[in-house]
Amino acid sequence: MLSNHLQDGIETAKLMWSRIPNSEDGQFEGVGLLNSSDANAVESLDYEVIENYAYREEQAQRGKLYVGYYVAVKWFFALLIGIGTGLAAVFINISVENFAGWKFSLTFSIIQKSYFAGFVVYVLINLVLVYSSVYIITQFAPAAAGSGIPEIKGYLNGVDIHGILLFRTLIGKIFGSIGSVGGGLALGKEGPLVHTGACIASLLGQGGSTKYHLSSRWLQVFKSDRDRRDLVTCGCAAGVAAAFRAPVGGVLFALEEVTSWWKSQLMWRVFFTSAIVAVVVRTAMGWCKSGKCGHFGSGGFVIWDISDGQEDYSFGELLPMAVIGVIGGLLGALFNQLTLYITRWRRNSLHKKSIQVKVIEACLISVITSAISFGLPLLRKCSPCPEADADSGIECPRPPGMYGNYVNFYCDKDKEYNDLATIFFNTQDDAIRNLFSAKTIHEFSAQSLLTFLVMFYTLAVVTFGMAVPAGQFVPGIMIGSTYGRLIGMFVVKFYNKPNIEEGTYALLGAASFLGGSMRMTVSLCVIMVEITNNLKLLPLIMLVLLISKAVGDAFNEGLYEVQAQLRGIPLLDTRPKYQMRKMTAREACGSQKVVSFPRVVKVADVVSILRSNKHNGFPVIDHARNGETLVIGLVLRSHLLVLLQSKGDFQHSPLPCDPRAGSRSIRHSFSEFVKPVSSKGISIEDIHLSSDDWEMYIDLAPFLNPSPYVVPEDMSLTKVYNLFRELGLRHIFVVPRASRVIGLITRKDLFIEDNEDSTSTELQSTSSSSFR
């Protein structure tokens, strides 16, 4: 029993999030960027289990056999997610490699006769690919723009951004990535692959796409946001595993970067999904080695084997390696700040004009990128090939149109190569492989590396935020490996030791820039070790990651956090703000008046309240026989809309009924109250009621959550914050201090022992004081 003042003390959490336009309507503004000041921005997800009577009856009817079936289906879906994401990654990689292979082969064959004609063909091919990508995004799937990681991170943090997990978003992400990456822009396909995996997982969880008639009822098992969240987590890990061939890194990425909660049961399924992806990708690579995949060779799937690189390092090398970490933190923080300014300008000034502006912008940047990548190597003098090393397996110059080191581009002699073309006139994966390569000392000059660093850094900043799928993993690796190799060249000259490899410093530079920009540590460290196949470098990678992250944190937040803020996604950070320690739960509620419902409410009153505010949760109150006010639970807006639309629970009497009597409590199954994935669901404007319906009543007792989370009004806001984040809550009741205590639960009371009769269980005896 609570006091009569309980009603005045109840405060629901302020609803900062509502809705954004559905991507089905094509109303995304600024390439999917959300206006943080818009009241209709995003909507919170209901991760909390609503234990109403429909849910309890449904659970009571399920036996152990169903529980086993439910667990088996989760593992089966984990298998399907792994296979689907792996196949999507194979398709994207084969397509990108073939487009790039055809482009370079044709260009190299034409420049044998005319460099100008080769330049025109090169620019046109890139322009067509980029135009196809931006056209798909602007006309078909606006939510597929960008990397998608900030949106998925928001979803797993409890924020639903409508449109990010639709079937059209998946299609736009796959084909848009092929066009943008194949078109030679300064972006990667790894971030979009994370979004692709999440889309595949979500579509499997909802049984497919009903709009495009690609759905199956037998797949429609998971109805709650909590179960769908678990599937999307598996999809995120699968995307990283497919992008980098790093299954362990995928698990750690999901744990460290995108989720705000974790549980051991999910860990096993995520690990299983990542392992399946690794098997699928490995099988595809083995099949393609026979030449069945066109131009697709050993490139495409990101793995840069430098196991034959530097064997050991001296204590004196730790200082230049620490310098690499500092540079990575500074350049990474600068990159985040510059992309923030440019993306904000795009949203507020450029992209507001028209969709055609987005297309023109992408095409213009494509032409500029192509001109730079083709034109700058023409200004660089060729260098003679070094003496051939039979053990290195590196040919100088490489055959025209093939991947590898030492590109012969605009050279007078056959045994010469253009070091700037070796980086620029290449796919990004092959360029990184060249920068990481061992036994290639003096392949690149400091002038060429510095030129590439400045130009590619600028292109990456300008390209990020365009209306195309864009990842920043691989561009970040290219930027970092460039200045890392530069420092490696100076170390080689200073120490004059033959065992020092410039490629090792390029790897450390790549790790430092990613750490300074994305602020990832554990998962990024494992990913870098997996993609380089060199465990000896683990301590060095850890060193530069820690330094770069510390330096970057001194200036701003990570790339995904910055982009999430720009998009208006209200992420709950891992740590609450310092000011929250001095605030209480009641102070956080402010002066907003609580809107509540009586247990039996008139239909006209329900409609009036739903139309007059945007709250998504309402306290339900009742009165005891002695007149005392009781809070009996929380009813969700979505549940009220279902009741209004069905009209099956309307009653003429204003008196409450017994929800356990007759069949009244099972008129609705629990799945009827679940909002569809990535859609607006039912709106109050969709409800049509007659004049007689307005005079009816609804007893809310069978449909409310009778056990919402409650905190006392003087609880610190820090503890409330941690509850919200760790439990994935949407609402918390703030109440006055309770008048009395009816019991106390300790760890001992939570242990349950099974009796010989398997149909009953009982709590262990609390007579013992152990564990208390």
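Residues numbered from 1 in each chain as written. Predicted model: local features only at pLDDT ≥ 70, side-chain atom pairs only at ≥ 80, totals over all residues. Heavy atoms only, no water.

A word on the nonpolar core
- Among the nonpolar cores identified, the biggest contains 132 residues, and F473, M528 and I541 are the most heavily contacted of them.
- Excluding residues that lie within four positions of it along the chain, I541 makes contacts with L507, L508, A511, C525, M528 and V529.
- By size, the runner-up hydrophobic cluster in this structure holds 22 residues, among which are V601, I609, L641 and L700. (Core = buried A, V, L, I, M, F, W, Y, C linked by side-chain atoms within 4.5 Å. Buried < 20%, exposed > 50% of the residue type's maximum accessible area, 1.4 Å probe, protein only. Contact = heavy atoms within 4.5 Å.)

As for helix α18 (residues 522-532)
- Counting buried positions along α18 yields eight of eleven residues, so the element is predominantly enclosed.
- When α18 is considered as a whole, its buried residues turn out to be S523, L524, C525, I527, M528, V529, I531 and T532.
- For α18, the elements touching its buried residues are α8 (225-244), α9 (247-258), α14 (428-436), α17 (502-518) and α19 (538-553).
- Two residues or fewer past α18, N533 is found with a positive phi of approximately 55 degrees. (Helix = DSSP H or I, 4+ residues; strand = E, 2+ residues; numbered from the N terminus.)

Brief notes about the sheet that holds strand β9 (residues 617-623)
- Pairing is mixed in the open sheet, where three strands are placed in the order β7-β9-β10. The sheet is open, and its two borders are formed by β7 (597-598) and β10 (629-636), each paired with just one other strand.
- Across the sheet, helix α23 (residues 637-646) is in contact with β7, β9 and β10; its angle to β10 comes to roughly 80 degrees. (Pairing = 2+ DSSP bridges. Axes fitted to C-alpha atoms, helices over the stretch in contact; angles between N-to-C directions.)

Considering the UniProt feature "transmembrane region" (unreviewed entry) in the chain
- UniProt marks residues 66-94, 114-137, 231-254, 266-285, 318-339 and 449-467 with the feature "transmembrane region" (unreviewed entry), using the numbering shown here.
- Helix makes up 100% of residues 66-94 and strand makes up 0%, while its end C-alpha atoms are separated by 42 Å.
- Helix and strand shares over residues 449-467 are 79% and 0% respectively, and the end C-alpha atoms of the span are 29 Å apart. (UniProt positions renumbered as here; feature names shortened; annotations may be inferred.)

Quick look at the packing of α14 against helix α16 (residues 473-495)
- Taken N-terminus to C-terminus, the directions of α14 and α16 make an angle of 25 degrees; their axes are 10 Å apart at the nearest point. Accordingly, the angle class assigned to the pair α14 and α16 is roughly parallel. Crossing of α14 over α16 shows left-handed handedness. Here Q428, D429, A431, I432, N434, L435 and F436 of α14 come into contact with α16, specifically with V474, P475, I477, M478, S481, T482 and R485.
- The residue makeup of the contact of α14 with α16, split by class, is eight nonpolar, four polar and two charged. (Parallel < 35°, antiparallel > 145°, perpendicular 65-115°, else oblique. Left-handed = near helix turned anticlockwise from the far one by under 90°. Nonpolar A, V, L, I, M, F, W, Y, C, P; charged D, E, K, R; others polar.)

Some thoughts on the state of the cysteines
- All chains considered together, the criterion is met by one disulfide.
- Residue pairing for C382: its cysteine sulfur links by disulfide to C411, the two sulfurs lying 2.0 Å apart. With the S-S bond torsion at -85 degrees, the cross-link from C382 to C411 turns out left-handed. Separated by 29 residues along the polypeptide, C382 in the loop between α12 (355-378) and β5 (383-384) and C411 in the loop between β5 and β6 (416-417) bring together distant segments of the chain.
- Under the relative-accessibility criterion, C411 is labelled buried at 15%. (Disulfide = S-S within 2.5 Å.)

Some remarks on the environment of G172
- Note that G172 resides in helix α6 (residues 167-182).
- Residue classification places G172 among the buried residues on the basis of a relative accessible area of 0%.
- With 33 residues separating them in the primary sequence, G172 and Q139 have C-alpha atoms 9.8 Å apart.

So, unusual backbone geometry
- You will see that R245, though not glycine, has its phi angle at about 55 degrees, which is positive.
- Relative to the elements of secondary structure, R245 occurs in the loop between α8 and α9.
- Under the relative-accessibility criterion, R245 is labelled buried at 18%.
- Positive phi values are uncommon outside glycine, yet R519 reaches one of about 65 degrees.
- Take R519: it is sitting in the loop between α17 and α18.
- Residue classification places R519 among the buried residues on the basis of a relative accessible area of 8%.

Digging into the pairing of β10
- Both β9 and β10 contribute to a ladder of seven bridges, which runs antiparallel. Following the sheet pairing, V620 is matched in β10 by G633.
- Linking β9 back to β10 in an antiparallel pair, the connection comprises five residues, with G627 at a positive phi of about 85 degrees.

As for a nonpolar patch on the surface
- Side chains of V67, V71, W75 and W268 sit close together on the surface and give an oily, nonpolar patch of about 410 Å² of accessible area.
- A total of three residues in the nonpolar patch trace back to one element, the largest contributor, which is helix α3 (residues 64-111).
- Looking at the secondary structure, you find W268 in helix α10 (residues 264-292). (Patch = residues over 30% accessible without salt bridge, like charges linked within 9 Å, V, L, I, M, F, W, Y side chains within 5 Å. Areas by Shrake-Rupley, 256 points an atom, 1.4 Å probe, with all protein chains shown as cover. Salt bridge = Lys/Arg side-chain N within 4 Å of Asp/Glu carboxyl O.)

Regarding the sheet that holds strand β11 (residues 650-651)
- One open sheet accounts for three strands, arranged β8-β12-β11; its pairing is antiparallel. This sheet does not close on itself; its edge strands, each paired only once, are β8 (600-602) and β11.
- Where β11 lies against strand β12 (residues 697-699), two bridges are found, and the strand directions are antiparallel. Its bridge partner lying in β12, F650 is registered against I698.
- Relative to β8, helix α22 (residues 603-612) is tilted by about 75 degrees, and along the sheet it contacts β8, β11 and β12.

Regarding the pattern of salt bridges
- For the structure on display, the rule yields 22 salt bridges.
- Of the charged contacts in the structure, one is a salt bridge between E713 and R586, with a shortest N-O distance of 3.5 Å. Of this pair, E713 sits in the loop between β13 (710-712) and α25 (717-727) while R586 sits in helix α21 (residues 585-589), and the two are 127 residues apart along the sequence.
- Linked by salt bridges that have partners in common, K153, E257 and E561 make up one network.

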